[in-house]
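A closer look at the structure
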Amino acid sequence: STNLIAVSAKTNCGGPVLVMGVVSGTNTKMLIGTIPTTSNYQAVNFEVVDNSTLSGKVFSGIWLESSWSGGFQVFELAARSGPCYEFAGIDFGKPVAVSALTVRHYAGTGGTVTATYYESSLDQITWQGINTNGPIPSITTDALDVEIYPAVLMRYVRVRHVLQEKASFKVFVWELSAWDTNGKNGQLGTVKPNPVSFRKLVGVNGIYGWGTGSYSSTLTPQLGPSVFSPACGHARNYQNWNWDVSDPTVIPAFDQMVAPGSSDYGALPGSGSRLNFNWLNWDNEYTAWKASGMEVEVSVQFSSSSFPQNLFKNPFVNGYNYGYFFSRHFGRKNGTGDVASMEVGNEPWIAGMGYSDPVFYSTLLMGMAKGAKDGDPTMRVLPAHFGSLSDNLQRFNASHIRYLDALNVHAYSWMQTLVGRTGVHPEHNMSTQHEVNDLIRFRDTALPGMPIYLTEWGWDSAGGGEDCNPPAGISGTASPVCVSEAAQALYAVRGALMLARKGLQRLTWFFYGNQATDSASWPSVKGLFSRSGLRSTSAAGYQLKQSYYALKDFIASLGATNFQAVIREDHDAFVYLLANGTNLASHIVAWRPVDAGVSGSINVTFTSSSFPVSAWSLGYVSMRKASLPRVSATQWKMSISVYPTVVALSPKAI
């Protein structure tokens, strides 16, 4: 016995056929509908749920009858107690533990679908829903990432669209990807100590004049590179190739950035520079950057919008000449000594701006890298960042490696949620921050020992007197890529620790400062990167954000240390051992690897042969004293929160 939503039948009869429901308990019959002779051989559907007389009744059977003396034929008879649904799924062939899904589907608009579910099963009979932390939209042309914790054992997984009654619309599932307990981006190999200190590891992306429009050499300590050097050991600049020359066949006159005859390369050029912009003198930037205490890295930017490919008459020679004269002028051995590293492009592949021909970039890379090494062999040379490992492998090969000192990657911490691209904590199983794992695994296999520089990473956040809301004249809510100001700060510290554990040898925060938003680009990019700065825009008074102070304290207290080992790394706690020079157990740092909004502390246990001396927490506007862990022999019990807690160690009890 059940409630009915609809009954359908296909019959053939010389007279009308009555379709009736048998009421449970009484066996009385209630008319559901009549099939006329004009509908012979056709499926006829009767909506029970919309009939006020029938709705809510419990039926035990369906009865068909006709007064036609010649009898009748029944070809189909169906009754539904629930709505129709469409689904598509995957059979893994055997039960597997799944910890993550990525799904793209389309199920129409205008109320065609009442609900969409992601479900798993071991036998295709009993299905259980997968928690998505909210209703699933019927349209996900962008992928939707779903973390499953704890992992669920399943053989089958499916996307199920529940259709409206009488709806006639095709529904689609374009992608249904699943990952095991190693997560979406897989695990790394053996954990190894990272030899690079956090002072050298952490840096910041800057720009000419740090957003002021004036040379860094003319800025006060409150505006220029000296602001950032307490929090960052290096700085990366975007140097546009077309600022230096009018087209790529022209040799850049870096030795003539001041009036002819001048012996002071740091002089303001007025209009005497021989670069494409006759006011430009890069020495006024890089000398000040280096003097602030930060090592300088330069990303030589070029794109098809500034230099179309047809302007390169000989890509190898054009690249060689630029690399040679850049390195010869700025290099540490043969030049001013201001620039330590250069990148052959930033993102020269990017859609709408980049070069689609991988052979073109490969040739240009070979030329510029060789030229840079010939100009000054101490110049570190990196390729550009590309969108994926396969993109990298199309653009450089073994012949390039002799001229390259590190690989280059950009990675931010996002995932696709119900509201679109969303900023998440760095440890999240679905975070795009872990996409660096692909390049790390490739490096470990093909180029062991080759450093990897993460030259762009970070989070957008409110703060510094600026929010993440749309600009004036644009309706809508705050950009979902934005996290809170407190989250940006503690994620910066936690992210640096986690990425050091992965073995990356440079982490360059993007960006030094917030950028103005505009109504023209908001609908497409939602202000992406406009709030990723460590300080606010000039309009908000260059206010330093909590993330700046968090990194400053991190470097002040742990800048001389480096990642040494993992003590514990699970869903409840990340606990790392740090080293300081020959002291291979100088500090323990621990935190809860969850969203910054999770309040409260938990107690975690682990083993260490060292003893706690002092403790403090990072990620705040200023460091806070923390309680010492309780230690019994080698067993530690430590209270941790989302803010990293650092414990200074002694080899024996004090």
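Residues numbered from 1 in each chain as written. Predicted model: local features only at pLDDT ≥ 70, side-chain atom pairs only at ≥ 80, totals over all residues. Heavy atoms only, no water.

**A short note on the state of the cysteines**
So the rule is basically this: For the purposes of this analysis, a disulfide is any pair of cysteine sulfur atoms at a distance within 2.5 Å. Numbering of helices and strands runs from the N terminus, with a helix taken as a DSSP run of H or I at least four residues long and a strand as a DSSP run of E at least two residues long. Each residue is assigned to one of three classes by its accessible area relative to the maximum for its type, calculated with a 1.4 Å probe on protein chains only: buried under 20%, partly exposed between the two thresholds, exposed over 50%.
Counted under the stated rule, the structure contains 1 disulfide. Linked covalently through their sulfurs, Cys 468 and Cys 482 form a disulfide whose S-S length is 2.0 Å. Measuring the twist about the S-S bond at about -80°, one finds the Cys 468-Cys 482 disulfide to be left-handed. Taken together, the positions of Cys 468 in the loop between strand E22 (460-461) and strand E23 (482-483) and Cys 482 in strand E23 put the pair 14 residues apart, joining distant regions of the chain. Given the relative accessible area of 7%, Cys 468 is considered buried. On the accessibility criterion, Cys 482 (16% relative accessible area) is buried.

**Observations concerning helix H9 (residues 485-501)**
Threshold: How far a helix is expected to stretch is found by multiplying one less than its residue total by 1.5 Å.
In this model, H9 (17 residues) spans 25 Å end to end at C-alpha, consistent with the 24 Å of a helix rising 1.5 Å per residue. When you tally the buried positions in H9, you get 15 out of 17 residues, the bulk of the element. Once H9 ends, the next one or two residues include Gly 503, with phi positive near 100°.

**Brief notes about helix H3 (residues 283-291)**
Here is the rule: By the convention used here, residues are in contact when the closest approach between their heavy atoms is within 4.5 Å.
Inspection of H3 places Asp 283, Asn 284, Glu 285, Tyr 286, Ala 288 and Trp 289 among the buried residues, and these make up the whole buried set. On its buried face, H3 is in contact with strand E14 (234-240), strand E15 (295-301) and helix H4 (315-330). After H3 finishes, the residue Gly 293 shows a positive phi value of roughly 105°.

**Describing the environment of Arg 158**
With respect to the helices, strands and loops of the structure, Arg 158 is situated in strand E11 (residues 144-163). Given the relative accessible area of 7%, Arg 158 is considered buried. Here the alpha-carbon distance between Arg 158 and Tyr 320, two residues 162 residues apart in the chain, equals 54 Å. Apart from residues lying up to four places away in sequence, Arg 158 is in contact with Phe 87, Ala 88, Gly 89, Tyr 117, Tyr 118, Glu 119, Trp 127 and Leu 176.

**Some points on the side chain of Asp 460**
Along the chain, Asp 460 falls in strand E22. Setting aside residues no more than four positions away along its own chain, Asp 460 makes contact with Val 481, Cys 482, Val 483, Gln 488, Gly 527, Leu 528, Phe 529, Ser 530, Arg 531 and Ser 532.

**A few points about the sheet that holds strand E10 (residues 127-129)**
What counts, and what does not: Between any two strands, at least two bridges found by DSSP are needed for them to pair. To obtain an axis, a line is fitted to C-alpha atoms, over the contacting stretch when the element is a helix, and the angle between two such axes runs from 0 to 180 degrees between their N-to-C directions.
If you walk across this open sheet you meet the 5 strands as E10-E9-E11-E8-E12, and the pairing is antiparallel. Among the strands making up the open sheet, the edge pair consists of E10 and strand E12 (172-179). Looking at each pair of strands side by side, their axes are set apart by 40° on average, direction ignored. Of the pairings in the sheet, the one linking strand E9 (residues 113-121) to E11 comprises 8 bridges and is antiparallel in character. The residue of E11 that forms the bridge with Val 113 is Leu 163.

**Focus: the environment of Met 638**
Tracing the sequence through the fold places Met 638 in strand E32 (residues 635-640). Not counting residues up to four positions away in its chain, the partners in contact with Met 638 are Ala 590, Ile 602, Asn 603, Val 604, Phe 606, Pro 629, Thr 645 and Val 647.

**Thoughts on the nonpolar core**
What counts, and what does not: Within this scheme, the nonpolar core is defined by two criteria: the residues are buried Ala, Val, Leu, Ile, Met, Phe, Trp, Tyr or Cys, and they are joined through side-chain atoms within 4.5 Å.
Counting residues in each nonpolar core, the largest one holds 109 residues, and the members touching the most others are Val 204, Trp 241, Trp 282, Phe 326, Leu 454, Leu 497 and Phe 554. Contacts of Trp 241, omitting those with residues within four sequence positions, involve Pro 248, Val 300, Gln 301, Phe 302, Phe 307, Phe 312, Asn 318, Gly 319, Tyr 322, Leu 364 and Met 368. Core analysis: the second largest hydrophobic core is formed by 16 residues, Val 17, Ile 32, Leu 54 and Phe 59 among them.

**Some details on the side chain of Ser 120**
Tracing the backbone shows Ser 120 in strand E9. Excluding its chain neighbours within four sequence positions, the residues that come into contact with Ser 120 are Thr 126, Trp 127, Gln 128, Ile 130, Val 152, Met 154, Tyr 156 and Val 157.

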